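Each chain is listed here by its residues.
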Amino acid sequence: MSSYDIKKIIDLLLENNNNFDKACINQIIDCLNFNELLLRALDSVNEGISFCDKDGYLIYANKSCCNIIGTSKEEILGKKIDSFSKDKPLLSGILEMKKSIIDIEYFLRFKEKNVQLVNSGYPVFNDKKEIIGAIDIFRSIERTRKLTSTMAGYQAFFNFDHIMGESRRVKENIKLAKVFAKSSENILIIGESGTGKELFAQAIHNYSSRKNKPFIALNCANFQSELIDSELFGYEEGAFTGAKKGGKLGKFELAHGGTLFLDELAEMQIHIQAKLLRVLETMCISRIGGSRPIKVDVRIIAATNRNLEELVEQGKFRRDLYYRLKVLYIEIPPLREREKDVLLLAAYFIKKFNDKIRKNIRGLSNEAKKMMLEYSWPGNIRELENMLSRAIYICDGDYITDTNLELAGLKESKYKRFLKNEVVKIDKKVLVDTLEQTGGNKKRTSELLGVSRPTLYKLLKEYKV
Ligand SMILES: Nc1ncnc2c1ncn2[C@@H]1O[C@H](COP(=O)(O)OP(=O)(O)O)[C@@H](O)[C@H]1O
Ligand SMILES: [Mg+2]
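Residues numbered from 1 in each chain as written. Chains lettered and ligands numbered in written order. Predicted model: local features only at pLDDT ≥ 70, side-chain atom pairs only at ≥ 80, totals over all residues. Heavy atoms only, no water.

- As named in an unreviewed UniProt entry, the protein chain is Sigma 54-interacting transcriptional regulator, taken from Clostridium thailandense.

Take a look at the structure:
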């Protein structure tokens, strides 16, 4: 006989009438102890647990159930479960269907409060296979989001110590990024492909108060219009009222509390831009096919290698969104404008790859250094990194030579010459007109002309403007 078999204990009591023997008393004590343990155990777990009898009256709710929903045992016990919420409770569904429902997303409206849960419900049968009640076990969606993000690796790995650079602009960028990280504003990072935009975004996240929350990256160029919609906002698929079956969490919900990195922002279609703007204004999303607003607390770090201002002029990017995101922005210079950093980065990557593949290459030969400094690095640091990872394999001496670099794919590019010519093509009149248009603002002028600021200064000097 198990100690919680109350019926048998009662029978024993009745049989023995007033004549309790020691064994019987011990069994009663065991039974009471077990009951206490059971109740305390259920109150110790983080999941909400409640159950109802076969008529749908709530007969048990643990502590977490009350905490998650925001109520007390006194308020709900003994009441009909249908009376708590306008939506049909999961337990009613279980009693009706006599089947379990596992890990379903469930929206409970309780006293004007919206609670988003992940819920499982099970019917309870007696020995005769008659239903005698139903039990549900649930937790707030936060834990599921957290678990998803941990398991899917939604984390930022890099911090500011990983950003190499001695050139003035990079040092300034790092200083600026650290200040921005501590604010709660959205941030725009502008720079050519491979300049380290994502690296900066991760470092900012890890330097911010959101560092222990998810960092989620989404490349806007990778999705077609409808897909990016559901990637960002998720979708709902109705099962029965209240419960959603087969829906999907969007990146906004997954990034809750953390950072959403929107890479290649300029590729986002204009109607999605409108949605994004609304989310930034209201901090609420609604899933596709869903009607309820879901509150989200997400910081956006957006990155682009395009001239957004130009796209705004062409009507391809929303001006209001641009201004909203451009409150705090960082412009990362291309590698060819931070020549000081080329050899520094090369040394950094050589060390990294040496460690990785257990080689002991001591550096670059003088010719190799010269070649690297002359190259224009259209693919920026990503190109430098990839090229060196090949050169390390190719190199069979102590130092990487210019021949090794050539074999690794480094050629003096036409790109550099093309760029030089391009610069000369900006004629004096255009330069002066643009300067006038911007009221002498060099930064705006360089942006409008699509040249870097050092190049602009060179031109100003050349034309004696
Ligand atoms: N300043 C830097 N120091 C060290 N590694 C860098 C630096 N900038 C970029 N990288 C590396 O270069 C590669 C490309 O950077 P990434 O952030 O993906 O560029 P982007 O997002 O601008 O295309 C990554 O492997 C990154 O770690
Ligand atoms: Mg990138």
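From this point, the discussion proceeds with the structure in view.
Some details on unusual backbone geometry
- The backbone of Glu264 shows a phi angle near 50 degrees, a positive value even though the residue is not glycine.
- Its place among the elements puts Glu264 in the loop between strand S12 (259-263) and helix H11 (270-282). (Helix = DSSP H or I, 4+ residues; strand = E, 2+ residues; numbered from the N terminus.)

Describing the packing of aromatic side chains
- Summed over all chains, the structure comprises eight aromatic pairs.
- The interplanar angle of 90 degrees and the centroid separation of 4.6 Å between the aromatic rings of Tyr375 and Trp377 together place this pair among those described as edge-to-face.
- When its relative accessible area of 8% is taken as the criterion, Tyr375 is described as buried.
- The class of Trp377 is buried, set by a relative accessible area of 0%.
- Connected via pairs of aromatic rings, a cluster forms that spans Tyr348, Phe349 and Phe353. (Phe/Tyr/Trp six-rings, centres within 6.5 Å; stacked < 30°, edge-to-face > 60°. Buried < 20%, exposed > 50% of the residue type's maximum accessible area, 1.4 Å probe, protein only.)

Re the site of ligand 1
- By nearness alone, 18 residues border ligand 1, and Met164, Gly194, Lys197, Arg382 and Glu385 come closest of all.
- Met164 is positioned with one of its backbone polar atoms (N or O) 2.9 Å from a nitrogen atom of ligand 1.
- Backbone polar atom of Lys197 to an oxygen atom of ligand 1: 2.8 Å apart, as the coordinates give it.
- Isolated, ligand 1 exposes 560 Å² of accessible area, and the fraction of that covered by the protein chains is 88%.
- Those elements that place two or more of their residues in the shell around ligand 1 are helix H8 (197-207), helix H14 (339-357) and helix H16 (380-394).
- Its residues placed into classes, the shell around ligand 1 shows seven nonpolar, five polar and six charged.
- Each of two domains, domain 3 (152-331) and domain 4 (336-415), supplies a minimum of three residues to the shell around ligand 1. (Near = heavy atom within 4 Å. Polar contact = N/O pair within 3.5 Å; in protein donor to acceptor, adjacent residues only side chain to side chain. Areas by Shrake-Rupley, 256 points an atom, 1.4 Å probe, with all protein chains shown as cover. Nonpolar A, V, L, I, M, F, W, Y, C, P; charged D, E, K, R; others polar. Domains from an automatic or database assignment.)

Remarks on the environment of Ala203
- Topologically, Ala203 is positioned in helix H8.
- Ala203 gets classed as buried once you look at its relative accessible area, which sits at 0%.
- C-alpha separation for the pair Ala203 and Gly379, spaced 176 residues apart in sequence, amounts to 21 Å.
- When neighbours within four sequence positions are excluded, Ala203 is seen to be in contact with Phe158, Asn159, Phe160 and Ile163. (Contact = heavy atoms within 4.5 Å.)

Observations concerning the pairing of strand S3 (residues 101-110)
- When you tally the buried positions in S3, you get seven out of 10 residues, the bulk of the element.
- Sheet topology note: the S3/strand S4 (residues 113-125) ladder contains eight bridges and is antiparallel. Bridge pairing in S4 links Ile104 to Asn119.
- Between S3 and the antiparallel strand that follows it, S4, lie two residues; Lys111 among them carries a positive phi value of about 45 degrees. (Pairing = 2+ DSSP bridges.)

Considerations on the side chain of Ser64
- Tracing the sequence through the fold places Ser64 in helix H3 (residues 63-69).
- With residues near it in sequence (within four places) discarded, Ser64 still touches Val45, Asn46, Glu47 and Gly48.

With respect to the sheet that holds strand S16 (residues 328-331)
- Spatial ordering of the open sheet is given by S7-S12-S15-S6-S16, a layout of five strands whose pairing is parallel. Looking at strand neighbours, the two that pair on one side only are strand S7 (215-219) and S16, the edges of this open sheet. The sheet shows a mean angle of 15 degrees between the axes of neighbouring strands, direction not considered.
- Looking at chain direction, strand S6 (residues 187-190) and strand S15 (residues 299-304) are connected through four bridges and run parallel. Counterpart to Ile189 in the pairing with S15 is Ala303. (Axes fitted to C-alpha atoms, helices over the stretch in contact; angles between N-to-C directions.)

Points about the nonpolar core
- Ranked by size, the top nonpolar core spans 37 residues in total, and within it Leu232, Phe252, Leu260, Leu262, Leu265, Leu276 and Ile300 carry the most contacts.
- No other element matches H11, which puts five residues into this core.
- Setting aside its immediate chain neighbours within four residues, Leu276 contacts Phe233, Phe252, Leu262, Leu265, Met268, Ile300 and Leu321.
- In terms of nonpolar packing, the next biggest core, distinct from the first, is built from 25 residues, Ile350, Met371, Leu388 and Cys395 among them. (Core = buried A, V, L, I, M, F, W, Y, C linked by side-chain atoms within 4.5 Å.)

A look at the pattern of salt bridges
- Applying the stated rule across the entire model yields 26 salt bridges.
- Each of Glu105, Glu142, Arg145, Glu253 and Arg287 takes part in a single network of salt bridges with overlapping partners. (Salt bridge = Lys/Arg side-chain N within 4 Å of Asp/Glu carboxyl O.)

A word on the environment of Leu344
- Within the element layout of this structure, Leu344 appears in helix H14.
- When the C-alpha positions of Leu344 and Glu47 are compared, they lie 52 Å apart, and in sequence the two are 297 residues distant.
- Residues within four places of Leu344 in sequence aside, it is in contact with Met164, Gly165 and Glu166.

Points about the UniProt feature "domain: PAS" (unreviewed entry) in the protein chain
- In this numbering, the UniProt entry assigns the feature "domain: PAS" (unreviewed entry) to residues 34-79.
- Between the end C-alpha atoms of residues 34-79 there is a gap of 26 Å, over a span that is 48% helix and 22% strand. (UniProt positions renumbered as here; feature names shortened; annotations may be inferred.)

What to know about H8
- Every buried residue of H8 is accounted for by Lys197, Phe200, Ala201, Gln202, Ala203, Ile204 and His205.
- Summarising the contacts, the buried residues of H8 are in contact with helix H7 (168-182), S6, S7, S12, S15 and S16.

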